[in-house]
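# Chains, contacts and geometry: an overview
Below are the chains, spelled out letter by letter.
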Amino acid sequence: TTLNNPLAVLSLSGPGTVTWNDTTGGTLTLLDGTVDLNGGSAVFSKGFSQSGGIFYGRTGTISATTFDLSGGTFNAPTGAFALSSTYTQSGGTFNGGSGAMTVAGVFTQSGGVFDASARTVALNGNFTLSDGTFKTGTNRITFGDASADIVTISGGILEIQSDDTTQTGDIV
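Quantities reported herein were computed from a predicted structural model and do not represent experimental measurements. Counting starts from 1 at the beginning of each chain's written sequence and moves along it residue by residue. Reporting of local features is limited, given that this is a predicted model, to residues whose pLDDT is at least 70; pairs of side-chain atoms are given and counted only at 80 or more, and all residues count toward the totals for whole chains, interfaces and linings. As a rule here, side-chain values come from all non-hydrogen atoms in the structure, and water together with hydrogens is ignored.

### Here's the deal with the overall build of the chain
Condition: Think of it this way: any DSSP run of H or I at least four residues long counts as a helix, any run of E at least two long counts as a strand, and we number them from the N terminus. Each residue's exposure class comes from its accessible area (1.4 Å probe, protein chains only) as a fraction of the maximum for that residue type: buried when under 20%, exposed when over 50%, partly exposed otherwise. Only heavy atoms enter the contact rule, under which two residues are in contact if any of them lie within 4.5 Å.
Across its full length, the chain carries 0 helices and 23 strands. For the chain, the proportion of its 172 residues judged to be buried stands at 41%. Taking the contacts inside the chain whose residues are at least 6 apart along the sequence as the reference set, 26% of them involve residues at least 24 apart.

Here you go:
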């Protein structure tokens with residue numbers, strides 16, 4: 001399912017939870033326009049993809065299986081941001097906000113800007129930075145949760161802004 005209208009604004013207000021449970025196996029894709037959670041939380045059971053537009057998480061939480069950012073601006077919520085599988089970024093800007101972020105699977109960045117801001121980030125799998133900028137922000141960043149996890153930096157910029165960055169496993 002897509003939101004593809006530069007003038008469209010999807011505003012989801014209130015303390016409730018929005019659940020996107022696409023039974024066809026697809027992810028929710030933002031191509032253009034604006035999505036504003038405005039106080040609520042969101043569950044994307046099949047994942048979230050953004051190639052344009054602006055996403056405002058504001059307050060609340062977000063959970064998804066996968067997250068794919070190839071363009072636009074994603075402003076994470078102040079609550080928890082949990083991915084049960086993978087984070088992929090080839091473009092666009094991820095603004096971390098505050099709260100905790102957990103990626104249970106592989107984190108791959110091949111473009112764009114990832115800015116953790118004041119967010120505590122746990123990358124519990126392999127991490128690859130091949131292009132773009134990864135900013136650690138001012139809170140704790142943990143790379144890997146097992147000795148078999150590999151941190152690979154083959155290009156791009158790793159900008160360490162915090163003195164609380166830890167790594168488990170190998171750095172390549």
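### Things to note about unusual backbone geometry
The phi torsion at serine 117 lies on the positive side, around 55 degrees, for a residue other than glycine. With respect to the secondary-structure elements, serine 117 resides in the loop between strand E16 (107-115) and strand E17 (120-123). According to the relative accessible area criterion, serine 117 is partly exposed, its value standing at 24%.

### A few points about the side chain of glutamine 89
Heads up, the rule is: For the purposes of these results, a polar contact is taken to be a pair of N or O atoms within 3.5 Å, where, inside protein, one atom must be able to donate a hydrogen and its partner to accept one; residues adjacent in sequence count only when each atom of the pair is a side-chain atom.
Within the element layout of this structure, glutamine 89 appears in strand E13 (residues 87-89). The buried category is assigned to glutamine 89, whose relative accessible area is 0%. Of note is the side chain of glutamine 89, whose polar atom sits 3.4 Å from the backbone oxygen of glycine 91. Here valine 113 takes part through its backbone oxygen, which lies 3.0 Å from a polar atom of the side chain of glutamine 89. In contact with glutamine 89, not counting residues within four places along its chain, are Leu69, Phe94, Thr108, Gln109, Ser110, Gly111, Gly112, Val113 and Phe114.

In short, the description is geometric, and any link to function would need to be established separately.
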